[in-house]
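Listed below are the residues making up each chain.
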Amino acid sequence: MEETSLLLLLCVTSLLSCTTNQASLTVSPSSSQMFKGQSVSLSCEEDDSSAGWTLRRNTTTDTRTECGADWGRSAGSVCNISYILSKHSGVYWCESREGATSKSITISVTGGSVILQSPVLPVMEGHDVTLHCKTKTSSNLPAAFYKDGSFIRTEPAGHMTIRHVTRSDEGLYKCDITGHGESPPSWLTVTGRPTTTAPPPTLAPPTPAAPPPHSDHLHLVFRVLYYLVVFCPYCISTFIMVSLYRQRPTGNDLPVSMVITPPTQAEEGLDDDYDDVITAVTTEHHF
């Protein structure tokens, strides 16, 4: 029951922990499981030393306690635990004065004789990961490995390597060494590869192929022939039409022939009557 409560607390605390890229937490020896009585060193590797990073933890008995208050010995950004106990099992992280936090790690301390050394931080997808099953005195004994309660295989040297991990490899692992006992379970977290958007490739404009040396001359000859074939008939036909137009007779130049015929006797009689009428009118006017 106690182990279940601790495991639940660790999972909840890990989910609620916020992260920052300003500091990272490292632990030595690098393992998520420790033997009771080991000495452990935790360090906040800082990008900004002025942030004042300190180490804090959550356990089943305390919350957000700071290194040096009632556990560990603080030396700047490093916290040393000379004799780790089962009550030190919990979630650890670095925190700045402004409240920024690093990624958290989970440490499990056992009073048993077997531990499973697994990465304290998430493993990136595609990388290899090695799990070590060891006792206090030996690290190369044959060990059986389990994932989520199911048997995987037995390794004669006590370590199992998972090549090119994927999300399906994420789970709860433990090991068992015959005659020594079983390790506590440890959760292996696998994260996806970071996605990067590559800029589109810049395409240079195509370079036209250089023509052969004599192509310019041939091109000029072809153009001259083309204009001769196309425009010469047009010029000749235009010249002929203009010449014909200039040679045709116009209305002003038509010859006019005048034939004067002598008046007839009737016409002469009319002329005489016309003269008499004019004389009469003239005489009446003067009266």
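Residue positions within a chain follow its written sequence, with the count starting from 1. Given that this is a predicted model, residues contribute local features only at a pLDDT of at least 70 and side-chain atom pairs are listed and counted only at 80 or more, while totals for whole chains, interfaces and linings are drawn from all residues. Values shown for side chains rest on all heavy atoms present in the structure; no hydrogens or waters enter the calculation.

**Describing the sheet that holds strand β12 (residues 129–135)**
The criterion, for reference: Two strands qualify as a pair provided that DSSP identifies no fewer than 2 bridges between them. Helix numbers and strand numbers start at the N terminus; a helix is a DSSP run of H or I with at least 4 residues, a strand a run of E with at least 2. Only the stretch in contact is used when fitting a helix axis, every axis being a line fitted to C-alpha atoms; angles between N-to-C directions are given from 0 to 180 degrees.
The strand order β10-β12-β15 describes an open sheet built from three strands, whose pairing is antiparallel. Because the sheet does not close on itself, it has two edges, and the strands there are β10 (114–117) and β15 (159–162). Going from strand to strand, the sheet's axes swing by 15° on average, the running direction of each strand aside.

**What to know about unusual backbone geometry**
Just so we agree on the cut-off: Note on exposure labels: buried denotes an accessible area under 20% of the residue type's maximum, exposed denotes more than 50%, and partly exposed covers the range between, all computed with a 1.4 Å probe on protein chains only.
The peptide bond linking S28 to P29 adopts the cis configuration, its omega dihedral lying at 0°. In this structure, P29 sits in the loop between β1 (23–28) and β2 (33–35). The phi dihedral of H164 is positive, around 50°, even though this residue is not glycine. With respect to the helices, strands and loops of the structure, H164 is situated in the loop between β15 and β16 (171–177). Its relative accessible area of 55% is what places H164 among the exposed residues.

**Brief notes about the nonpolar core**
Rule in force here: Working definition of a nonpolar core: buried Ala, Val, Leu, Ile, Met, Phe, Trp, Tyr and Cys residues. They are joined through side-chain atoms within 4.5 Å.
Among the nonpolar cores identified, the biggest contains 20 residues, and V27, L42, L55, Y92, I105 and I107 are the most heavily contacted of them. At the level of secondary structure, the elements contributing two or more residues to this core comprise β1, β3 (40–46), β7 (78–81), β8 (90–95) and β9 (105–110).

**Some words on the pattern of salt bridges**
Using the following cut-off: Between Lys or Arg on one side and Asp or Glu on the other, a salt bridge is scored when a side-chain nitrogen of the former is within 4 Å of a carboxyl oxygen of the latter.
Applying the stated criterion to the full structure yields eight salt bridges. Between R153 and E155 there is a salt bridge, with the nearest N and O atoms lying 2.5 Å from each other. Relative accessible area serves as the criterion here: at 33%, R153 is assigned to the partly exposed category. Notably, a salt bridge pairs E182 with K174, separated by 3.3 Å at the nearest N-O pair.

**Overview of the sheet that holds strand β6 (residues 73–75)**
Taken together, four strands build an open sheet; the order of strands is β1-β3-β7-β6 and the sheet is antiparallel. Where the open sheet ends on each side, the last strands, each with one partner, are β1 and β6. With strand direction ignored, the average angle separating the axes of adjacent strands in the sheet is 20°. Bridge analysis of β3 against β7 gives four bridges, and the strand direction is antiparallel. From the neighbouring strand, L42 faces β7, where its bridge partner is C79.

**Things to note about the confidence of the model for the protein chain**
Filter applied, for reference: Think of pLDDT as the predictor's per-residue confidence, scored from 0 to 100. The contact rule is simple, with two residues in contact once any of their heavy atoms fall within 4.5 Å.
With 62% of its residues at a pLDDT of 70 or more, the protein chain shows a mean pLDDT of 76. Within the protein chain, helix α1 (residues 2–16) has the poorest average pLDDT of any element, 45, and strand β13 (residues 143–147) the best, 98. For the stretch residues 6–21, pLDDT sits under 50, and the model shows 23 contacts to residues farther than four places along the chain or on other chains. In the model, residues 256–260 has pLDDT below 50 throughout and makes zero contacts with residues more than four positions away in sequence or in other chains.

**Some remarks on the state of the cysteines**
Here is the rule we go by: Counting rule for disulfides: a pair of cysteine sulfur atoms within 2.5 Å.
Applying the stated criterion to the full structure yields three disulfides. There is a disulfide in this structure between C67 and C79, and the S-S distance comes to 2.0 Å. Its S-S torsion of about 90° marks the bond between C67 and C79 as right-handed, since a negative value means left-handed. Of the two residues, C67 sits in the loop between β5 (65–66) and β6 while C79 sits in strand β7, which places them 12 residues apart along the sequence. Judged on exposure class, the residue C67 and its partner C79 are both buried. Indicated for the protein chain is the disulfide connectivity 1-4, 2-3, 5-6, based on numbering the bonded cysteines in sequence order.

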